Amino acid sequence: MISITVFPIMRDNNYPTAGEVLYGIIMKDIDSADKIILDMKGISLIPSMFLNTSLGRIINERGVDFVKSKLGFSNIKSSDATRIREYVGRFQ
């Protein structure tokens, strides 16, 4: 299992760039890791511009089921978890 702390990525970049950075980090290890956990501690907003260039891009390349089996979240607010579920659900 690999854990990625998302806050520094979002703090240091605009939303689309932060999504691209996260995408690169995830893709580096996605095939070798059994699970990648995104630690959302300190994240107050998850905008579509961020999701499109990170999660959305991975879903387009690998599919929803692959993403669901590989990615998980920790320290996420319930409202953000709902938003991500709804976002991923649009790809099904």
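Look up a bit, the structure's there.
A brief structural summary. (Residues numbered from 1 in each chain as written. Predicted model: local features only at pLDDT ≥ 70, side-chain atom pairs only at ≥ 80, totals over all residues. Heavy atoms only, no water.)

1. Details of the packing of aromatic side chains
Each aromatic ring pair is specified by the distance between its two centres and by the angle formed by the two planes.
Consideration 1: In total, this model carries one aromatic pair according to the counting rule given.
Consideration 2: Here the basic side chain of R57 rests over the ring of Y23, its NZ or CZ set 3.7 Å away from the ring centre. (Phe/Tyr/Trp six-rings, centres within 6.5 Å; stacked < 30°, edge-to-face > 60°. Lys NZ or Arg CZ within 6 Å of the ring centre and 35° of its normal.)

2. Considering the nonpolar core
Consideration 1: Of all hydrophobic cores here, the largest spans 27 residues; its most connected members are I26, I36, L38, F50 and L55.
Consideration 2: Residue assignment for this core shows that the elements contributing at least two residues are α1 (7–11), α2 (15–29), β2 (36–39), α3 (48–62), α4 (64–70) and α5 (78–89). (Core = buried A, V, L, I, M, F, W, Y, C linked by side-chain atoms within 4.5 Å. Buried < 20%, exposed > 50% of the residue type's maximum accessible area, 1.4 Å probe, protein only. Helix = DSSP H or I, 4+ residues; strand = E, 2+ residues; numbered from the N terminus.)

3. Observations concerning the pattern of salt bridges
Pairing of side chains with opposite charge becomes possible as their charged atoms draw close.
Consideration 1: Applying the stated criterion to the full structure yields five salt bridges.
Consideration 2: Notably, a salt bridge pairs D29 with K28, separated by 3.2 Å at the nearest N-O pair.
Consideration 3: With a relative accessible area of 62%, K28 lands in the exposed category.
Consideration 4: A salt bridge links R62 to D31, with the nearest nitrogen and oxygen atoms 2.8 Å apart. Of this pair, R62 sits in helix α3 while D31 is found in the loop between α2 and β2, placing the two residues 31 residues apart along the sequence. (Salt bridge = Lys/Arg side-chain N within 4 Å of Asp/Glu carboxyl O.)

4. Details of the packing of α2 against α3
Consideration 1: It is the contact of α2 with α3, at a shortest axis distance of 6 Å, that shows an interaxial angle of 35°. Crossing of α2 over α3 shows right-handed handedness. Residues Y15, P16, A18, G19, E20, L22, Y23, I26 and M27 of α2 form the contact with α3, whose own contacting residues are M49, F50, T53, S54, R57, I58, E61 and R62. (Axes fitted to C-alpha atoms, helices over the stretch in contact; angles between N-to-C directions. Left-handed = near helix turned anticlockwise from the far one by under 90°. Contact = heavy atoms within 4.5 Å.)

5. Considerations on α5
Consideration 1: Helix length check: α5, at twelve residues, gives a terminal C-alpha distance of 16 Å against a target of 16 Å (1.5 Å per residue), a fit within 8%.
Consideration 2: The complete set of buried residues in α5 reads D80, A81, I84, Y87 and V88. Along the axis of α5, the buried residues cluster in a sector spanning 125°; they form a single face. The outward face of α5, more than 90 degrees from its buried face, is lined by the exposed residues S78, R85 and E86.
Consideration 3: Tucked inside the fold, the buried residues of α5 contact α3, α4 and β3 (71–74). (Expected span 1.5 Å × (residues − 1). Arc of directions from axis to C-beta.)

6. Side note on empty space enclosed by the protein
Consideration 1: Overall, the coordinates contain one cavity of 30 Å³ or more when judged by the stated rule.
Consideration 2: The volume enclosed by the largest cavity comes to roughly 50 Å³.
Consideration 3: Lining the largest cavity are L22, L38, M40, I46, F50, L51, S54, L55, F73 and I84.
Consideration 4: Ranked by residues supplied to the lining of the largest cavity, first place goes to α3 with four residues.
Consideration 5: Here the residues of the lining of the largest cavity sort into nine nonpolar, one polar and no charged. (1 Å grid on protein atoms, 1.4 Å probe; cavity = no way out; pocket = protein on both sides within 12 Å on 5 of 7 lines; lining within 4 Å. Points joined across faces, edges and corners; volume = space filled by probe spheres on them. Nonpolar A, V, L, I, M, F, W, Y, C, P; charged D, E, K, R; others polar.)

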